[in-house]
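Structural features, examined
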Amino acid sequence: MVDVTPIADDADEKLSLDAYIETWPHDSFAIPELQAFKAGLTDHADLLAREDGAVLGSGFAALFPGFRDRITVFVTVPALNRRRGAGTALYEALSRWAHERGIEVVVAVVADNDPESLAFAERRGFVGERREKGVSLDLTAIEAPVIEPPEGVEIVSWAERPELAHGIYDVSVEASPDVPGYEDEEHEPFDAWFAHEMSGPSDKPEATFLALAGDEVVGYAKFSLTTARPTHAYHDLTAVKRAWRGRGVARALKAAQIAWAKANGFEELRTQNDERNEPIRRLNAEFGYVAAIGRIFLRGPLA
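Presented here is a report on the structure given in the accompanying data block. Source: prediction; values computed, not measured.

Of regular secondary structure, the protein possesses 8 helices and 12 strands. Taken against the 2.2 N^0.38 rule, which gives 19 Å for 303 residues, the C-alpha radius of gyration of the protein at 20 Å falls within 12% of a compact globule. When the 303 residues of the protein are sorted by exposure, 51% land in the buried category. For the protein, the proportion of contacts with a sequence separation of at least 24, taken over those separated by at least 6, is 71%. Total accessible area on the protein is roughly 14200 Å²; 51% of this is exposed by carbon and sulfur atoms. Here the protein carries 32 positive and 51 negative side-chain charges, and the mean point of each set is 4 Å from the other.

In this structure the tally under the stated criterion is 26 salt bridges. The closest approach of N and O atoms between Arg 299 and Glu 129, which form a salt bridge, is 2.7 Å. On the criterion of sequence distance, the pair formed by Arg 299 in strand E12 (residues 290-300) and Glu 129 in strand E6 (residues 127-138) is long-range, its members being 170 residues apart. The partner of Glu 216 in a salt bridge is Lys 241, and the shortest N-O contact between them spans 3.0 Å. Here the residue Glu 216 occupies a position in strand E9 (residues 216-225), and Lys 241 occupies one in the loop between strand E10 (232-240) and helix H7 (249-263), the gap between them amounting to 25 residues. Linked by salt bridges that have partners in common, Arg 130, Glu 132, Asp 274, Arg 276 and Arg 295 make up one network.

In this section: the packing of aromatic side chains. Each aromatic ring pair is characterised by the separation of its centres together with the angle its planes make. Within the structure shown, the criterion is met by 16 aromatic pairs. With a centroid separation of 5.9 Å and an interplanar angle of 65 degrees, the aromatic rings of Phe 37 and Phe 64 are classed as edge-to-face. With Phe 37 in helix H2 (residues 31-39) and Phe 64 in the loop between strand E3 (54-63) and strand E4 (71-76), the pair connects residues that are 27 residues apart, well separated along the chain. Residue classification places Phe 64 among the partly exposed positions, given a relative accessible area of 27%. Centre to centre, the rings of Phe 209 and Trp 260 are 6.3 Å apart; their planes meet at 65 degrees, and the pair counts as edge-to-face. Taken together, the residues span a long stretch of sequence, with Phe 209 in strand E8 (residues 208-213) and Trp 260 in helix H7 at a distance of 51 residues. Accessibility classification places Phe 209 together with Trp 260 in one group, the buried group. Connected via pairs of aromatic rings, a cluster forms that spans Trp 158, Tyr 169, Phe 190, Trp 193 and Phe 194. When the ring centre of Phe 297 is taken as origin, the NZ or CZ atom of Arg 130, which lies over that ring, is 4.0 Å away. Across the ring face of Tyr 289, the terminal group of Lys 254 is positioned such that the distance to the ring centre comes to 5.4 Å.

The next point concerns the nonpolar core. For soluble globular proteins, the rule of thumb is that nonpolar side chains tend to be buried together. Counting 30 residues, the largest nonpolar core has Ile 155, Phe 223, Leu 253, Trp 260 and Leu 269 as its most contacted members. Those elements giving two or more residues to this core turn out to be E6, E8, E9, E10, H7 and helix H8 (278-286). When residues in this core are grouped by element, the largest group, 8 residues, is from H7. With residues near it in sequence (within four places) discarded, Phe 223 still touches Ser 202, Asp 203, Ala 207, Ala 233, Tyr 234, His 235, Asp 236, Gln 257, Trp 260, Ala 261 and Leu 269.

What follows is about the side chain of Arg 270. Here Arg 270 is to be found in strand E11 (residues 268-274). Exposure remark for Arg 270: the relative accessible area of 17% places this residue in the buried category. In contact with Arg 270, not counting residues within four places along its chain, are His 26, Val 135, Ser 136, Arg 229, His 232, Ala 233, Tyr 234, His 235 and Ala 292.

Cut-off values and rules
Residues numbered from 1 in each chain as written. Predicted model: local features only at pLDDT ≥ 70, side-chain atom pairs only at ≥ 80, totals over all residues. Heavy atoms only, no water. Helix = DSSP H or I, 4+ residues; strand = E, 2+ residues; numbered from the N terminus. Rg over C-alpha atoms; globule rule 2.2 N^0.38 Å. Buried < 20%, exposed > 50% of the residue type's maximum accessible area, 1.4 Å probe, protein only. Contact = heavy atoms within 4.5 Å. Areas by Shrake-Rupley, 256 points an atom, 1.4 Å probe, with all protein chains shown as cover. Lys, Arg positive; Asp, Glu negative; His and termini not counted. Charge placed at Lys NZ, Arg CZ, Asp CG, Glu CD. Salt bridge = Lys/Arg side-chain N within 4 Å of Asp/Glu carboxyl O. Phe/Tyr/Trp six-rings, centres within 6.5 Å; stacked < 30°, edge-to-face > 60°. Lys NZ or Arg CZ within 6 Å of the ring centre and 35° of its normal. Core = buried A, V, L, I, M, F, W, Y, C linked by side-chain atoms within 4.5 Å.

This is the structure in structure tokens:
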């Protein structure tokens, strides 16, 4: 019989993360980044499924500050533990958790190379909502690109201009609604945004790049870093104010990121972009990024 319980301590949290990484090995991160992620949520559930004491899988539900009408769930059961009832038990437990909070909409995330998990969700009434295409760049196989910002624009690291946090925030507020999949997200106030998006263990000022026109931040790009895979960096967000788009600002920011990562010993860059986000997908392709594992977002009911 499968028993589902909330994580009880640090050891359980590690078991939950281990099940996630075994199911999503391409998406590794460490406990400090996980804890920072949880701290940025309005609420969350972190569950383990066991059978006779052995962990079969984990389930995580996230209630994001910007999407208070739905939960986003990850049911992660490694391949060898499937078809033993763990996925169903986790889905039912996460559904009860959501119902207790008055939430009736579930967004499930599955890797696009995992047809078994996709079929599991579809059998329970989930339908595809959107897809993010994964890409990666092998830094060991390329030379550092030339950074060529448009006239009147300078590319610097945030570490060089730490006083410009409010300028970065202004770009985020303007650009975030233009990212496919996040059109309806309610943006956080400055203090919460700064704490959750810019100050975690994966966020480094020296790995965040700003496009400046004088003292105005007109764009920025940041990495998400992890001690779980220190030779890999993950693109977090590239954002440019609307009036400055189409001039090469994003290209210069991306070039600065790639050059910095290569100079600092990173071997691979990864990201996912909504398949509708043609400008950034085209830019990545021009820099030599190739197809990697992506994500499928499905919307469905509670159990």
